[in-house]
Every structure is written in C-alpha cells, then in structure tokens.
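Chain by chain, the residues:
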Amino acid sequence: DAGVIQSPRHEVTEMGQEVTLRCKPISGHDYLFWYRQTMMRGLELLIYFNNNVPIDDSGMPEDRFSAKMPNASFSTLKIQPSEPRDSAVYFCASSPGLAGPKNIQYFGAGTRLSVL
Amino acid sequence: SQELEQSPQSLIVQEGKNLTINCTSSKTLYGLYWYKQKYGEGLIFLMMLQKGGEEKSHEKITAKLDEKKQQSSLHITASQPSHAGIYLCGADTTDSWGKFQFGAGTQVVVTP
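Residues numbered from 1 in each chain as written. Chains lettered and ligands numbered in written order. Predicted model: local features only at pLDDT ≥ 70, side-chain atom pairs only at ≥ 80, totals over all residues. Heavy atoms only, no water.

A. Looking closely at the overall build of chain B. Helix and strand counts for chain B come out as zero helices and 11 strands. Counting from the amino terminus, chain B carries its helices and strands in the arrangement β-β-β-β-β-β-β-β-β-β-β. At 13 Å, chain B has a C-alpha radius of gyration in line with the 13 Å of a compact globule built from 112 residues. Dimensions along the principal axes, computed over C-alpha positions, put chain B at roughly 45 × 30 × 20 Å. Evaluated residue by residue, chain B yields a buried proportion of 46% over its 112 residues. Residue pairs at least 24 apart in sequence account for 56% of intrachain contacts in chain B once pairs closer than 6 positions are excluded. (Helix = DSSP H or I, 4+ residues; strand = E, 2+ residues; numbered from the N terminus. Rg over C-alpha atoms; globule rule 2.2 N^0.38 Å. Buried < 20%, exposed > 50% of the residue type's maximum accessible area, 1.4 Å probe, protein only. Contact = heavy atoms within 4.5 Å.)

And the structure:
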C-alpha cells in the first residue's frame, strides 16, 4: 500500500480564497483523522471519521472549516474563506480502529498551507 | 489544558551518547504511542505501549511505560545523526476516548 496520500503538498493562497485539502487513507482503515500543526499549538485533532461518518468535529476551529468523506477512499478539508491565521501544516491520518494497537495512526506527508 | 507533558522540549546530544525523553499524562492511559517527525514530513510510528511495566525496543530505541506514574520514557542508545528529529508521544486517555492527544514534542539534535 502507498500509505496515506495527501494533496497538494504545498498551497499558497490569498486571504478570502477557498482552500481544499485532499486525503486518500490506507485501504481497509475504518478511521480517518484530520490534524493541524502549528508552532504555537502543536498538533491538534480537528475531526475524525468512522466508516465515512464524522464522529467528533469539536476540534474544528470555526464554521469556515468543513470536512467531508464521500467514500472510504477520499476525504476533503475545506476552508472558506481562508485567513492568514489558518496557515499551518495539515495532516491526514488513518487507522484500522480506535482501541489499542488498532489505533496506530498512519500519517500522510501533510499539506503546508500559507494564507497571505 | 495540556494532558500530555513532554520533557525536555529540546535537547542536543553528541553522536554516540544516550538520551531520554519523558512523556507524562494527567489522565489514565489506555495506550501510549511514540512517533518521530522529520522537518517537512509526516509522523512515523515508532512503538506502542499498553500495559504498566511494558517495554519495547526497536533497533537502538527503547520505550517503557510506568503505569503508576502515568509516564513513558523513550531512550536512545548511542545516538546517530539518523535519530535527529522531533519525537512526539500520543495517547488514548480516559477523557479522550477516540480523541487522540499528542504532546508538544521534543526536538532532538545530534552533533558530530
């Protein structure tokens, strides 16, 4: 398996523009996670899905952020409109389950977002 | 509040020397996971601990879990340049079931 695949790797956009980040999880993994990493706040869980259904989105910072998982092999994280404070590295991860060894999460390479 | 505290925040070690990183949880642990991250890259899973007293090793990296102290330590023996990076601990805790928590990370620099 190729692992978790994220695109794009880098995104530079202007304030107010819509940004869409994409993720393909590892085949067979039932859980998908979106994280944001910044120097100030470290690695934060934004939302996670189980079998394509959003389970907990309490980490999503504002209504400007939305995430979808239309099928088992694809998820998107959208920011509309984007703001400079959204600049961060966004990671997608997937895992087979939630308990013990099944909760070993495998991370994509991340998308580095810069909002000017 | 930060549930997982890592120490130190950063350390510089001479090649060939040993180093230890600690991760302490304020909540009961169900599982403790160690990851490594290189700049500009994603997190790589190292090992997972579940039971008190459990110890696991992979090459020159050893991790232990002290259940009473709700603490885990990561020890690297005879460090090499390849050990440089950021080490993060992550955990399932009683209050965060399904919401994986990460520590702030420890940056390791290995000098010649």
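So, next bit.
B. How the structure looks around empty space enclosed by the protein. Residue and element names in this part refer to chain B. Taken as a whole and judged by the stated rule, the model has one cavity of 30 Å³ or more. The space that makes up the largest cavity amounts to roughly 40 Å³. T28, L29, Q50, L65, E67 and Q70 are the residues that line the largest cavity. Classifying every residue of the lining of the largest cavity by side-chain character gives two nonpolar, three polar and one charged. (1 Å grid on protein atoms, 1.4 Å probe; cavity = no way out; pocket = protein on both sides within 12 Å on 5 of 7 lines; lining within 4 Å. Points joined across faces, edges and corners; volume = space filled by probe spheres on them. Nonpolar A, V, L, I, M, F, W, Y, C, P; charged D, E, K, R; others polar.)

C. Structural context of the environment of B:Q70. Residues and elements named next belong to chain B. Within the secondary structure, Q70 sits in the loop between β7 (61–66) and β8 (71–76). As a C-alpha pair, Q70 and T28 span 42 residues in sequence and 6.7 Å in three-dimensional space. Those residues in contact with Q70 that lie beyond four places of it in its chain are C23, T24, S25, K27, T28 and L29.

D. Layout of the pattern of salt bridges. Per the counting criterion, the structure on display carries 10 salt bridges over all chains. For the salt bridge of A:E83 with A:R64, the shortest nitrogen-to-oxygen distance reads 3.5 Å. Separated by 19 residues along the polypeptide, A:E83 in the loop between β8 (74–79) and β9 (88–95) and A:R64 in the loop between β6 (53–56) and β7 (65–71) bring together distant segments of the chain. By relative accessible area, which is 11% here, A:R64 ends up buried. A salt bridge links B:K56 to B:E54; the nearest nitrogen and oxygen atoms lie 3.7 Å apart. Via salt bridges that share partners, A:E62, A:R64, A:E83, A:R85 and A:D86 belong to a single interconnected network. (Salt bridge = Lys/Arg side-chain N within 4 Å of Asp/Glu carboxyl O.)

E. Geometry of the sheet that holds β8(A). All names here are of chain A. Here we have four strands laid out as an open sheet, ordered β1-β3-β8-β7, and antiparallel in their pairing. Where the open sheet ends on each side, the last strands, each with one partner, are β1 (5–7) and β7. Neighbour to neighbour, the strand axes of the sheet diverge by 15 degrees on average, direction disregarded. Direction of pairing for β7 relative to β8: antiparallel, over a ladder of five bridges. Note that in β8 the partner of F65 across the bridge is I79. (Pairing = 2+ DSSP bridges. Axes fitted to C-alpha atoms, helices over the stretch in contact; angles between N-to-C directions.)

F. Highlighting the packing of aromatic side chains. Within the structure shown, the criterion is met by 11 aromatic pairs over all chains. Measuring from centroid to centroid gives 5.6 Å for A:Y35 and B:F102, while their planes differ by 75 degrees, and the two rings are edge-to-face. With A:Y35 in strand β4 (residues 31–38) and B:F102 in strand β10 (residues 101–102), the pair connects residues from two separate chains. Both residues of the pair, A:Y35 and B:F102, belong to the buried class. For the ring pair B:Y35 and B:F45, a centre distance of 5.7 Å and an interplane angle of 70 degrees mean the geometry is edge-to-face. In this pair, B:Y35 sits in strand β4 (residues 29–37) while B:F45 sits in strand β5 (residues 43–49), placing the two residues 10 residues apart along the sequence. Assessed through its relative accessible area of 0%, B:Y35 is described here as buried. (Phe/Tyr/Trp six-rings, centres within 6.5 Å; stacked < 30°, edge-to-face > 60°.)

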